[in-house]
Amino acid sequence: MDKEKVYIFDTTLRDGEQVPGCQLNTDEKVIVAQALESLGVDIIEAGFPISSPGDFEAVEAVCKAVREPVICALTRAVKKDIEVAAQSLRYAHRGRIHTGIGTSDYHIKYKFNSNPEEIIRRGVEAVKYAKNFAEQVEFYAEDAGRTDNEFLARVVEAMIKAGADVVNIPDTTGYCLPNEYGAKIAYLKNNVPNIDKAIISTHCHNDLGMATANSVAGVMNGARQVEVTMNGIGERAGNTSLEEVAMILKSHPYLDLYTKIQSIQLAKTSKLVSTMMRMPVQPNKAIVGRNAFAHSSGIHQDGVLKHRENYEVIDPKDVGVDSSEIILTARSGRAALRYRLEGIGHKVEGGALDSIYEKFLKMADEKKVIEDNDLHLLIA
Ligand code: KIV
Ligand code: ZN
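Residues numbered from 1 in each chain as written. Chains lettered and ligands numbered in written order. Predicted model: local features only at pLDDT ≥ 70, side-chain atom pairs only at ≥ 80, totals over all residues.

### Digging into the sheet that holds strand 7 (residues 166–171)
Then, number 1: Strand order in this closed barrel of 8 strands is 2-3-4-5-6-7-8-9, and the pairing throughout is parallel. Strand-to-strand twist across the sheet, computed as the mean angle between neighbouring axes with direction ignored, equals 25°.
Then, number 2: Pairing geometry for strand 4 (residues 70–74) and strand 5 (residues 95–102), over 4 bridges, is parallel. When the sheet's bridge partners are listed, L74 is paired in strand 5 with H98.
Then, number 3: Sheet contacts for helix 8 (residues 211–220): strand 7, strand 8 (199–204) and strand 9 (225–228); angle to strand 8, the most-contacted strand, approximately 170°. (Pairing = 2+ DSSP bridges. Helix = DSSP H or I, 4+ residues; strand = E, 2+ residues; numbered from the N terminus. Axes fitted to C-alpha atoms, helices over the stretch in contact; angles between N-to-C directions. Contact = placed C-beta atoms within 7 Å.)

In structure tokens form, the structure reads like this:
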């Protein structure tokens, strides 16, 4: 069976950039967009042009600076938003307008003080209007995660008929469980008559720590676009992280799915985004955290030194990290100490190793982490 492509839609510059303190100026947005292009993302959501003149200018600049990915601009289901987005995309090699409206009972009642039929009408009108301006139109059903599946299927069918090329099913509040979100996508696949005329997209938030799991469940049930951010940054607890989805699909070949992500650039792109957005990456963050390939307990260190795959499911080199690290702490064993001593040019075995190990444990209890300069002291 041929592998099927999963499109990577990166919203670091839109949903990610909404995080307080993460705002980027135009030049910074262009630098990040170029990095995302060389990373291999298919679609870059560059901003929400009506939100500010600065964001409009940034979307325009990204369109001029980037050739390969589709450039996307967000709008509400409002004509003025769509016109401004279209204007900001006029230099795009390929442009996409991402328009939509809330579809859950909460949004219909408390956000729009409206009713389901009116919501569908406004969505259809927005999609049709956007079609006049952009090569591609994506529709988002905001809070789809908490939207009744039957109504959601009606919304999605209406938007596809109105011309939507992509239908985005956001779990805006990060509420779904993976089986529920997967079932939602399967329901749409099975109950929307024209579903094969559009690509289904996932857009998951991480409020309950489920964003990546939900996105993968979506893909396993037929979604073929995943909306992600670098390092998982985004509103509140963040969005699905690009690096996690890319490596999950790459490390599970039996899923017969692939992305165009050049995984070797992940570590570098993660650092760039973290620096530009002034948003540190948590040390234990999967794939790109400082400790993602650091082993510190004796059992794991011994195992990984015998064979890397005893404790690593991906090769650090695949994501642009030179090698795993053996961190020396009071939980480390002789194998790790011997390995690190060899690294600084000292081959120590048997009784000699035992006596250095005793001194090492005392030092490690005090110092917590033992560095190379401490090892030199130990063997002096
Ligand atoms: O989380 C969400 O629902 C969104 C939409 C605007 C796509 O970010
Ligand atoms: Zn979002």
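Read on for the rest.
### Concerning the domain arrangement of the chain
Then, number 1: With domains assigned, the chain is organised as domain 1 (4–276) and domain 2 (294–379).
Then, number 2: Between domain 1 and domain 2, the C-alpha centre-to-centre distance is 43 Å.
Then, number 3: Domain 1 puts 8 residues into the contact, and the matching count from domain 2 is 6 residues.
Then, number 4: At 3 residues, the largest contribution of residues to the side of domain 1 that touches domain 2 is made by helix 10 (residues 266–276).
Then, number 5: Tallied by class, residues from the side of domain 1 that touches domain 2 come to 4 nonpolar, 3 polar and 1 charged. (Domains from an automatic or database assignment. Nonpolar A, V, L, I, M, F, W, Y, C, P; charged D, E, K, R; others polar.)

### What about the site of ligand 1?
Then, number 1: Close to ligand 1 lie D15, Y140, E142, N168, P170, T172, H203 and H205.
Then, number 2: Elements that contribute at least two residues to the shell around ligand 1 include exactly strand 6 (136–142) and strand 7.
Then, number 3: Tallied by class, residues from the shell around ligand 1 come to 2 nonpolar, 4 polar and 2 charged. (Near = placed C-beta within 6 Å.)

### Some remarks on the environment of R67
Then, number 1: Structurally, R67 can be placed in the loop between helix 2 (53–65) and strand 4.
Then, number 2: On the neighbour-count criterion, R67 (11 C-beta atoms within 10 Å) is exposed.
Then, number 3: Here the alpha-carbon distance between R67 and V155, two residues 88 residues apart in the chain, equals 33 Å. (Buried ≥ 20, exposed ≤ 12 C-beta atoms within 10 Å, placed from the backbone.)

### A short note on unusual backbone geometry
Then, number 1: Although it is not a glycine, N113 adopts a positive phi angle of roughly 45°.
Then, number 2: Checked against the element boundaries, N113 lands in the loop between helix 4 (105–111) and helix 5 (116–131).
Then, number 3: Residue K368 is not a glycine yet carries a positive backbone phi of 70°.
Then, number 4: Within the secondary structure layout, K368 lies in the loop between helix 13 (350–367) and helix 14 (372–379).

### With respect to the pairing of strand 3 (residues 43–47)
Two faces, one strand: in a regular strand the side chains alternate between the faces of the sheet.
Then, number 1: With 5 of 5 residues buried, strand 3 is to be regarded as a mostly interior element.
Then, number 2: For the crossover from strand 2 (residues 7–10) across helix 1 (residues 26–39) to strand 3, the handedness is right-handed.
Then, number 3: Pairing of strand 3 with strand 4, which is carried by 4 bridges, proceeds in the parallel orientation. Within strand 4, the position partnered with I44 by the bridge is I71.
Then, number 4: As a crossover connection, the stretch from strand 3 through helix 2 into strand 4 is right-handed. (Right-handed = clockwise from strand over helix to strand, strands pointing away.)

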